[in-house]
Amino acid sequence: MALFSSLTPVFIAIICVLIGVILKKTNGGKEKRETRSKPLSRPWVDEDLKDGTDHHLEEEDADEEWQGLDENVAHVPFFAERYSEAEMIKRSQMFYELLNKRRSVRFLSDEPVPREVIDNVIRTAGTSPSGAHTEPWTFVVVQDPYLKHKIREIVEEEEEINYKKRMGDRWVNDLKRLRTNWIKEYLDTAPYLILIFKQVYGQLPNGKKKTHYYNEISVSIACGILLAALQNAGLYTVTSTPLNCGPQLRVLLQRPANEKLLLLLPVGYPKKDATVPVLTRKPLKDIMVLM
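Remember, it's a predicted structure, so these values are computed and weren't measured experimentally.

Visitor: Explain the overall build of the chain to me, using residue names and the numbers behind them.
Guide: The number of helices and strands found in the chain is 9 helices and 5 strands. The helix and strand sequence of the chain, counted from the amino end, reads α-α-α-β-α-α-α-β-β-β-α-α-β-α. Classification of the 291 residues of the chain by burial places 32% in the buried group. Considering only contacts within the chain whose residues lie at least 6 apart along the sequence, 84% involve residues at least 24 apart. Element-wise, carbon and sulfur atoms account for 57% of the exposed surface of the chain, whose accessible area totals about 20,300 Å².

Visitor: Let's hear about the side chain of Thr-138: which residues, and what values?
Guide: With respect to the helices, strands and loops of the structure, Thr-138 is situated in strand E1 (residues 137-142). According to the relative accessible area criterion, Thr-138 is buried, its value standing at 12%. A polar side-chain atom of Thr-138 sits 2.8 Å from a polar atom in the side chain of Gln-199. Ignoring sequence-local partners within four residues, the contact set of Thr-138 consists of Leu-195, Ile-196, Phe-197, Gln-199, Arg-255 and Glu-259.

Visitor: Talk me through unusual backbone geometry; I want residue IDs and the actual numbers.
Guide: Unlike most non-glycine residues, Ala-132 shows phi in positive territory, near 55°. Inspection of the secondary structure assignment puts Ala-132 in the loop between helix H3 (115-125) and E1. According to the relative accessible area criterion, Ala-132 is partly exposed, its value standing at 43%.

Visitor: Give me the lowdown on the nonpolar core, citing residues and values where you can.
Guide: Ile-118, Phe-139, Ile-194, Ile-196, Leu-226, Leu-265 and Val-267 are the most contacted members of the largest nonpolar core, which totals 22 residues. Contacts of Ile-196, omitting those with residues within four sequence positions, involve Thr-138, Phe-139, Val-219, Cys-223, Leu-226, Lys-260, Leu-261, Leu-262, Leu-263 and Leu-265.

Visitor: Break down the sheet that holds E1 for me, citing the residues and quoting the values.
Guide: Taking strand neighbours across the sheet as the criterion, the 3 strands line up as E1-E2-E5 in an open arrangement whose pairing is antiparallel. Looking at the sheet topology across the chains shown, the edges are occupied by E1 and strand E5 (259-267). Strand-to-strand, the axes of this sheet are offset by a mean angle of 20°, without reference to chain direction. As paired elements, E1 and strand E2 (residues 192-199) share 6 bridges and run antiparallel to each other. Of the residues in E2, the one forming a bridge with Trp-137 is Lys-198.

What counts and how
- Residues numbered from 1 in each chain as written.
- Predicted model: local features only at pLDDT ≥ 70, side-chain atom pairs only at ≥ 80, totals over all residues.
- Heavy atoms only, no water.
- Helix = DSSP H or I, 4+ residues; strand = E, 2+ residues; numbered from the N terminus.
- Buried < 20%, exposed > 50% of the residue type's maximum accessible area, 1.4 Å probe, protein only.
- Contact = heavy atoms within 4.5 Å.
- Areas by Shrake-Rupley, 256 points an atom, 1.4 Å probe, with all protein chains shown as cover.
- Polar contact = N/O pair within 3.5 Å; in protein donor to acceptor, adjacent residues only side chain to side chain.
- Core = buried A, V, L, I, M, F, W, Y, C linked by side-chain atoms within 4.5 Å.
- Pairing = 2+ DSSP bridges.
- Axes fitted to C-alpha atoms, helices over the stretch in contact; angles between N-to-C directions.

Here you go:
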């Protein structure tokens, strides 16, 4: 009896330890489940700018048998113009020198730009390759002063919040050397604004959704071709991805729900007193790996 009494505190201590371990494991498991269920906070991420290539259609909307594409697309012989090695080197060097002059310009003139030039550069962007030739892009060209100003109001309101709250100190500090802020005067002064929307899915004549494969990559390639076409025509722009403005701009421009804003380009001539930061580009050895 005396032995039992002396061991009682030991038993109680062991039981308390076991209960503590069990509770810790239970709470730990709960915390892990909550951590898994809650995504990491990244307040600067724009839903519209997330990669849309993994967009899955709902089962009832997907049509596995028909996507509106011709089953038997005619194939014809392809004849390409071929240049001598000397001509190839010359042309590639000249094209590099042309695009190496491209700069992001934030001081744009209100001088008119021929509408035909805008039509041609967008036609050029439309030659871009796309997943299964779905061509998942929409280029909205805005020249109306009222719409341009409304776009500026929406962008500046959100951008001020981005700079002050969403982007974080590191991003804001990295931009200081480029002297950028939330004031976007060029959205009023540029003769044209081009807003590029990615179509995350299409619409078939029967009302069902059509899968747009690799829509994010396809539209991004088209944007690159558009920038090259603008440079070739002697026009300038600054690539703008206005965070958290997509839904408002989509409503303003009356675009359908399947379109997500990817890029906003003010397009025009530089002002006579325009300035750009002194920057250098990485040399070939730092961007190319030859194996």
